[in-house]
Amino acid sequence: MRGHAEHDGVRIGYRVLGDPGEPTVVLMPTWSIVDSRHWKAQVPYLSRHFRVITYDGPGNGRSDRPVDPAAYSDDAQIAQLIAVLDATGTDRAVLVGLCTAAWRALVAAVRHPDRVVSVAAIGPAAPHLTPELPERVEYDFRAELDTDEGWAKYNRHYWRRDYPGFTRFFFDTVISEPHSTKQREDARHWAAQTTPEVLIASVEADVCVDDRAGAERLLRAVRCPVLVIRGTDDHCRPAEQMIGVAELTGAREAVLDGAGHLPHTRWPVEVNRLLRDFVRPPALAPARRGGRRVLYLSSPIGLGHVERDVAVVEALRRERPGIEVDWLAQHPITEVLTRRGERVHPASRFLASEAAHVDAEAGVHDLHAFQAVRRMDEILVANFMLFADLVENERYDLWVGDEAWELDHFLHENPGLKRAPYAWLTDFVGWLAMPGGGAEEAELTADYNAEMIEHIARWPRLRDRAIFVGNPSDLVEDPLGPGLPSVREWTLSHFDFSGYIGPPLEAAPREELLCVATVGGSGTGEDLLRRVIAAFPLARRTLPGLRMIVVAGPRIDRTRLGGHEGLEIRGYVDRLDRLLASCDLAITHGGLSTTMTLTAHRRPFLYVPLRNHFEQNRHVRHRLDAYRAGRCLDWADTEPEALAAAIVAEIGKPVDYRPVETDGAEKAARLLADLI
């Protein structure tokens, strides 16, 4: 539910999520430099457990942008909070606030004890309580300064002169942790929604106490439970101030080692669990069920991962008879799992859709895969939190993640959550910059790779098995970044190799002169299918007996693709590998699973890597070149006439591919079986 509350002529935009029968948690707005999206890593998780209200403070988001300091005073913003509670029919709530919002939450608890159940204060501010950081108090906010260095940028004249320069400095400072490029990028984006005049008004607004004695009296008057969460590397609020808030309110403290001023953005898993347990302590986990149990996570981007994962699980059952396997999975791979009789865990229905996100990121045969994954951050947090809840309440003997990025990343960020042996599978290692991204993308990918290397160096045994789905010859030589090892060098030192894992080499009955076009389980291949369909009648003029089957998959509306005589368009096709094995030519994008299935079956194929997709253009193409497999086409070379000519040239053409092993699933299963 969305709406607006109003106080003193200022409209405040709010949103309500979650079960109305659960306790209400209000995620309060902090300084007007950001909107309520700064809680994006908390909202999906907390709203599964509680009723959650977020609202934008004055000056940002969906709220008005007054430039009168009175609208930003403590009194006004507490009145806006009460207006939101009234508008949403909320009698009482747990308040969660960051920095100045934490202070206002505590003031609200004193003034409105009947409306406030408890307060979680993250990096809390308290006016006059202690001196500010020395580097901040050196400069006068209102004066024209003779320097723009450091905290001198916290100055109204500088804001009017170079507001983007201030936001860069501010968020680089307060989000102090390494490898925080996405969090800083988000914050600068939110800051761009407001103006220097709004922030000047917010800084010049009145606070509700006049001196230290007044601040101490107010904090001592808090009677509700309080949790203070603070980082040890906070460059915005002095530690003495945050400790003072905790002592004066009798709060329980949670100190996050190495965290900066916005720990909820950089350490969301730890903060989410602290907030959950503060609102409602968890019940004891149920007793363990009998039998040996495996929890399997398979990447939902495309359908190739699940085909190989099913093959691995079938081999694992032969190695360890009687094991039970649960899948934490989402559409479209649940389609495959259901047809194969696998058990999809009921919690899967709460997973946020990664495939839908990828589809939304795609352009015309274009998917910037690295940036798409970066922008999937809140989905990955939400899905890891679901996993963490599941394994907290159910015991498993082994966790397996096939390119389950959220599982691997957040386990390394929160190693104390590991409760079972853990195995990681992937068919590529290393984020690689595309040429169009320039120096900025090269720096970003190097930073992500450096974080991965640091994770493994810090927790070398967190992955009980790291399995590369392929062989050493499949590894590219690209460096992981300046001063970092190459992909090949680092992977050889940290992975076991299973060889390629594909479905059994089975073929459907042969069709006469059959071309199959398929683009996997996502929606990113629709543009290629349209070009293939346009090229088909042109190719058929030269090859009158040519038939074509276009496999649209589960996420493309096949009714929109049109058709021609001799052309059949299908949706989802179970055991697609059998159809591919029977064709005289296949056309696909640059996904590894489809192209390697065709290589294993020794079928000629054309593949068109998605533009800006580093994996398809570098990792997959390198592997296919090593197998001497397929003919790569650039998107610019797939206009109907050119594509028709390529179909005619390649269909039925003899191949000289390097053989593909057929025992990869068994090798992977043996590596996993040792962990059970």
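Residues numbered from 1 in each chain as written. Predicted model: local features only at pLDDT ≥ 70, side-chain atom pairs only at ≥ 80, totals over all residues. Heavy atoms only, no water.

Visitor: Would you mind going over the packing of helix 17 (residues 405-413) against helix 18 (residues 438-458) in detail, with residue names and values included?
Guide: For any two helices packed against each other, one specifies the crossing angle of their axes together with the interaxial distance. Across the interface, helix 17 lies against helix 18 with an axial gap of 10 Å and an inter-helix angle of 55°. Compared by their axis directions, helix 17 and helix 18 come out oblique. The two elements helix 17 and helix 18 cross, and the hand of that crossing is left-handed. Two secondary-structure elements touch here, helix 17 through His409, His412 and Glu413 and helix 18 through Glu451, His455 and Ile456. Its residues placed into classes, the contact of helix 17 with helix 18 shows one nonpolar, three polar and two charged. (Axes fitted to C-alpha atoms, helices over the stretch in contact; angles between N-to-C directions. Helix = DSSP H or I, 4+ residues; strand = E, 2+ residues; numbered from the N terminus. Parallel < 35°, antiparallel > 145°, perpendicular 65-115°, else oblique. Left-handed = near helix turned anticlockwise from the far one by under 90°. Contact = heavy atoms within 4.5 Å. Nonpolar A, V, L, I, M, F, W, Y, C, P; charged D, E, K, R; others polar.)

Visitor: Outline the sheet that holds strand 13 (residues 422-426), listing residues and values.
Guide: With parallel pairing, the seven strands of this open sheet are ordered in space as 11-10-9-12-13-14-15. Bordering the open sheet on either side are strand 11 (343-344) and strand 15 (496-497), each of which pairs with just one other strand. Each of strand 9 (293-298), strand 10 (324-328) and strand 12 (398-402) touches helix 16 (residues 377-393); the most contacted strand, strand 9, lies at about 175° to it. (Pairing = 2+ DSSP bridges.)

Visitor: Can you lay out the layout of surface pockets for me, pointing to particular residues and giving the numbers?
Guide: Taken as a whole, the largest pocket spans an internal volume of roughly 1,100 Å³. Lining the largest pocket are 40 residues, and of these Thr100, Arg136, Tyr154, Val203 and Arg237 lie nearest its centre. (1 Å grid on protein atoms, 1.4 Å probe; cavity = no way out; pocket = protein on both sides within 12 Å on 5 of 7 lines; lining within 4 Å. Points joined across faces, edges and corners; volume = space filled by probe spheres on them.)

Visitor: Can you break down unusual backbone geometry residue by residue, with the values?
Guide: The omega torsion across His331 and Pro332 is 10°, close enough to zero to call that bond cis. Here Pro332 shows up in the loop between strand 10 and helix 13 (333-339). The residue Arg602 is not glycine, and still its phi comes out positive at about 60°. Tracing the backbone shows Arg602 in the loop between helix 22 (592-600) and strand 20 (605-608). Residue Arg602 is classed as partly exposed on the basis of its relative accessible area, which comes to 34%. (Buried < 20%, exposed > 50% of the residue type's maximum accessible area, 1.4 Å probe, protein only.)

Visitor: Which residues make up the packing of aromatic side chains, and what values do they have?
Guide: Under the counting rule described, the total for this entry stands at 30 aromatic pairs. Between the aromatic rings of Trp31 and Tyr154, the centroid separation amounts to 5.9 Å while the plane-to-plane angle is 40°, which identifies the pairing as tilted. Remark: Tyr154 occurs in the loop between helix 4 (134-137) and helix 5 (156-174) and Trp31 occurs in the loop between strand 3 (24-27) and helix 1 (43-49); sequence separation between them is 123 residues. For the pair Trp31 and Tyr154, a shared accessibility class is recorded, and that class is buried. Judged by centre distance (6.3 Å) and plane angle (65°), the ring pair of Trp490 and Phe495 falls under edge-to-face. By relative accessible area, Trp490 is classed as buried at 5%. Judged by its relative accessible area of 8%, Phe495 falls in the buried class. An aromatic cluster is built from Trp31, Phe141, Trp151, Tyr154, Trp159, Phe166, Phe169, Phe170 and Phe171, whose rings are joined through pairwise contacts. (Phe/Tyr/Trp six-rings, centres within 6.5 Å; stacked < 30°, edge-to-face > 60°.)

Visitor: Please provide a residue-by-residue account of the pairing of strand 20, values included.
Guide: Across the two faces of strand 20 the burial is the same, with Phe605 and Tyr607 and Leu606 and Val608 all buried. In this fold, strand 19 (residues 585-589) hands off to helix 22, which returns the chain to strand 20; that crossover is right-handed. By the bridge criterion, two bridges tie strand 20 to strand 21 (residues 631-632) in an arrangement that is parallel. In the strand pairing of strand 21, Tyr607 is matched with Cys632. In this fold, strand 20 hands off to helix 23 (residues 614-626), which returns the chain to strand 21; that crossover is right-handed. (Right-handed = clockwise from strand over helix to strand, strands pointing away.)

Visitor: Can you lay out the pattern of salt bridges for me, pointing to particular residues and giving the numbers?
Guide: In total, this model carries 56 salt bridges according to the counting rule given. For Asp389, the salt bridge identified is with Arg48, shortest N-O distance 3.5 Å. Of this pair, Asp389 sits in helix 16 while Arg48 sits in helix 1; the two residues are 341 residues apart in sequence, bridging distant segments of the chain. Asp389 gets classed as buried once you look at its relative accessible area, which sits at 9%. Classification of Arg48 as partly exposed rests on a relative accessible area of 29%. Note that Lys418 and Asp464 form a salt bridge whose closest N and O atoms lie 2.6 Å from each other. Of this pair, Lys418 sits in the loop between helix 17 and strand 13 while Asp464 sits in the loop between helix 18 and strand 14 (465-468), placing them 46 residues apart in sequence. (Salt bridge = Lys/Arg side-chain N within 4 Å of Asp/Glu carboxyl O.)

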